[in-house]
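What follows is the residue order along each chain.
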Amino acid sequence: MNGILMHAPALVIALPLLAAFVTPILGRFNYKKISWFVSAVFGVTLLLTLLMAGQILTNGTIVYVFGGGEAGLALPSGYTFPIRIIFQIDAMGIFMALITAVISFLAAVYSISYMEDYSGVDKYYTLLLLLATSMFGMELTGDIFNFFVFFEISSISSVALISFRSTFNGEPAEAAIKYMVISSISALMVLFAIGLFYGQYGTLNMAAIASFMQFTKLDKMALILFLTMLAMKSGAVPMHMWTPDAYSEAPSAITVVLVATSQASLYALFRIIFSLYNVTLNTVTVGWILIILGVLSMFIGVTMAVIQKDIKRLMAYHSISQTGYMLLGVGVGLAVLANPAALASYGIKAMEGGIFHIINNALYKGLLFLTAGALFYRTGTRDLNKMGGLAHNMSYTTLFYIIGAAAIAGIPPFNGFASKLIIYESVYQFNPLLAIIAMLVSILTLASFVKIFHSAFLGPQLEQYKSVQEVPKSMVFAMAVLSIIIIFFGLFPNLIVKYIVHPAVMALINQSHYTSTILGGM
Amino acid sequence: MIGNFPFVAVIMLIALGMYSLMFKKNLIKIAIGLTLLEGGVNLFLITLGYRKGGVAPIYTMAPEGVKMVLPTPQALCLTSIVIGVATTALVLSIAMILYKQYGTIETDEIRRLRG
């Protein structure tokens, strides 16, 4: 037991990675059962992540060194900076890993029924497991080149998953090629920026780079590359054109995981800005850049969403708009980072709102995409004009949809309200105009979800959907779990903020803690 | 001065790659653009590790007192090349599917997703 806990960081990566390549072999023997096998693997991974989370939140950061004599030994005697690949998992990393673990587990459970009728499901699960592995890697690693490798794995596997249905028609392949080009460019430019770091400081360990950081011209170049490329990968507005295509064309279970992948890129952006640069950069300027990106994403995302007719495309535009909230909250925190008084009075609160919104968005956006998938599963269409009266036949899905829509619109007993309220309150103290825009966006969000509710669920029962039934149990299970977590988070936001979100925010802000856990007392 | 030529080549490769990614409409040319970009970044990494007159960093039978080139960028570059092969293969295979479904590989004609 103790050994499992000690090696949990490696196992979280190794287990899905091994399972990814075992799955096709198992599929040769028993094709029907591999979906259960994959769900079980994700279940164990979730358990490991929870164990790790318990340990980190009570005892502090875990350092895991690969290939060292001891797992916790970052600096072998005589070295001044670490040379091995290190996993450095602090409260922020484990926060993201928890999201990934929950979302990928539920996506796998949902896929049991959703992907039943497709051929090549073994390859689908291989790619899903690889995608989850890559996300864990991006979130747990303390080595910047290692981050690049997982970044590329995530783009390759998600592209293959987006184009999974392209044997029927061309659209998924069209969405996939856009995403492929975008993510290749971003990964290569990230590698270029990593090269800039390596050329100056001769190390790839993030904590070591952070401690050597001089903020020279080359560092500025690297910052610009990281900022634009990671914002592009997370779908912030001027670089958002791939998001609606990729999200709407991927199978629904994958869309949910793609949301988590975008957030992993967003996490990487925050990690690089806060842990690598922190106060060496001009925090006001970069903070405002994040805020402007955020406001643009919020506003353009939601206005584009209102006019959509395709249910998943509409929701995809909303995930751009929700990314805006996170950028806004964290951007305000960054803008006042160098000002301790403002940071204490509202900066930390704003960041808590932004970071809390990441997990809330993953939950309700996940739930909404799953309900969209349930509608597609039964009706075979994503066009809102062709749906109608489905509440008569699909009562559970309707209930889950209402929960998800209320949560994303920020209606009180659900989790979206909790994080949005924190963002409004704190951003208002920073700049009232930003808070007003955020509220306006929230209203438009509600409007577009009422539109879906009206055209898909309400109205008389349509002739062609007379025989439609509720979706199978595994899909209901996945949606029910997400709904329960959403309601729990909505009822006890104080607990979540205090025990999970606040430590994560402090882990981002406190750079010296990040570097000293690796470099010790030198 | 002449030591900086590799960096000039890096910039040129990346600029050419970006040019073909932005202005070319043919998917094969876009794939070539990605490869150029990748070549530029790989050359950058290799150049970072190069020391003038250095030998390969193998300690067995190494001559005394001779500088060695840095091994880390070579390892990075190797990883990056392997990933690049996978990326190129994926781009080309998606281009093939697109050609089957749309009958063209010009991006301005592959436009069913919009709005």
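Use the structure listed above.
Conventions used here
Residues numbered from 1 in each chain as written. Chains lettered and ligands numbered in written order. Predicted model: local features only at pLDDT ≥ 70, side-chain atom pairs only at ≥ 80, totals over all residues. Heavy atoms only, no water. Helix = DSSP H or I, 4+ residues; strand = E, 2+ residues; numbered from the N terminus. Expected span 1.5 Å × (residues − 1). Buried < 20%, exposed > 50% of the residue type's maximum accessible area, 1.4 Å probe, protein only. Arc of directions from axis to C-beta. Contact = heavy atoms within 4.5 Å. Salt bridge = Lys/Arg side-chain N within 4 Å of Asp/Glu carboxyl O. Buried area = accessible area lost by both parts, 1.4 Å probe. Patch = residues over 30% accessible without salt bridge, like charges linked within 9 Å, V, L, I, M, F, W, Y side chains within 5 Å. Areas by Shrake-Rupley, 256 points an atom, 1.4 Å probe, with all protein chains shown as cover.

**Structural notes on helix α1 (residues 5-23) of chain B**
Line of reasoning, step 1. In a regular helix each residue adds 1.5 Å, so 19 residues correspond to 27 Å; α1(B) covers 27 Å between its end C-alpha atoms and thus fits that length.
Line of reasoning, step 2. All of the buried residues in α1(B) are Val10(B), Ile14(B), Gly17(B), Met18(B), Ser20(B) and Leu21(B). Buried positions in α1(B), seen along its axis, are confined to an arc of 165° and lie on one side of it. Residues of α1(B) that are exposed and point over 90 degrees away from its buried face: Ile11(B), Met12(B), Met22(B) and Phe23(B).
Line of reasoning, step 3. Those residues of α1(B) that are buried are in contact with α7 (171-201) of chain A together with α2 (27-49) of chain B.

**Re the pattern of salt bridges**
Residues and elements named next belong to chain A.
Line of reasoning, step 1. What the rule picks out here adds up to nine salt bridges over all chains.
Line of reasoning, step 2. The salt bridge involving Arg 382 is made with Glu 249; its shortest N-O contact spans 3.1 Å. In this pair, Arg 382 is assigned in the loop between α14 (340-379) and α15 (395-409) and Glu 249 in helix α10 (residues 242-249), connecting sequence segments 133 residues apart.
Line of reasoning, step 3. Accessibility expressed as a relative area gives 16% for Arg 382, which makes it buried.
Line of reasoning, step 4. By relative accessible area, which is 6% here, Glu 249 ends up buried.

**Brief notes about the interface of chain A and chain B**
By convention, interface size is frequently given as the accessible area that disappears when the constituent parts associate.
Line of reasoning, step 1. The partner chain B presents 36 residues to the 38 residues of chain A that form the contact.
Line of reasoning, step 2. Each partner contributes to the roughly 3000 Å² buried at the junction of chain A and chain B, and carbon and sulfur atoms together form 80% of this total.
Line of reasoning, step 3. There are one salt bridge connecting chain A and chain B.
Line of reasoning, step 4. In this structure, Glu171(A) engages Arg112(B) in a salt bridge whose closest nitrogen and oxygen atoms are separated by 3.6 Å.
Line of reasoning, step 5. Put simply, the parts of the chain that give the side of chain A that touches chain B at least two residues each are α6 (144-162), α7, α10 and α13 (311-335) of chain A.
Line of reasoning, step 6. Considering every element that reaches the side of chain A that touches chain B, the biggest residue donor is α7(A), with 19 residues.

**Details of the environment of Gly27(A)**
Line of reasoning, step 1. Of note, Gly27(A) is situated in helix α2 (residues 8-29).
Line of reasoning, step 2. For Gly27(A) and Val468(A), which are 441 residues apart along the polypeptide, the C-alpha to C-alpha distance reads 31 Å.

**What to know about a nonpolar patch on the surface**
Residues and elements named next belong to chain A.
Line of reasoning, step 1. On the surface, Ile 487, Phe 488, Leu 491, Phe 492, Leu 495 and Tyr 499 cluster together to form a nonpolar patch covering roughly 560 Å² of accessible area.
Line of reasoning, step 2. Elements represented by at least two residues in the nonpolar patch include exactly α18 (473-491) and α19 (493-509).
Line of reasoning, step 3. Sorting elements by how many residues they give to the nonpolar patch places α18 first, with three residues.
Line of reasoning, step 4. Assignment of secondary structure puts Ile 487 in helix α18.

**Re the side chain of Ser157(A)**
Line of reasoning, step 1. Considering the arrangement of structural elements, one finds Ser157(A) in helix α6.
Line of reasoning, step 2. With near-sequence residues (within four places) excluded, Ser157(A) lies in contact with Leu127(A), Leu130(A) and Leu131(A).

None of this, on its own, says anything about what the molecule does.
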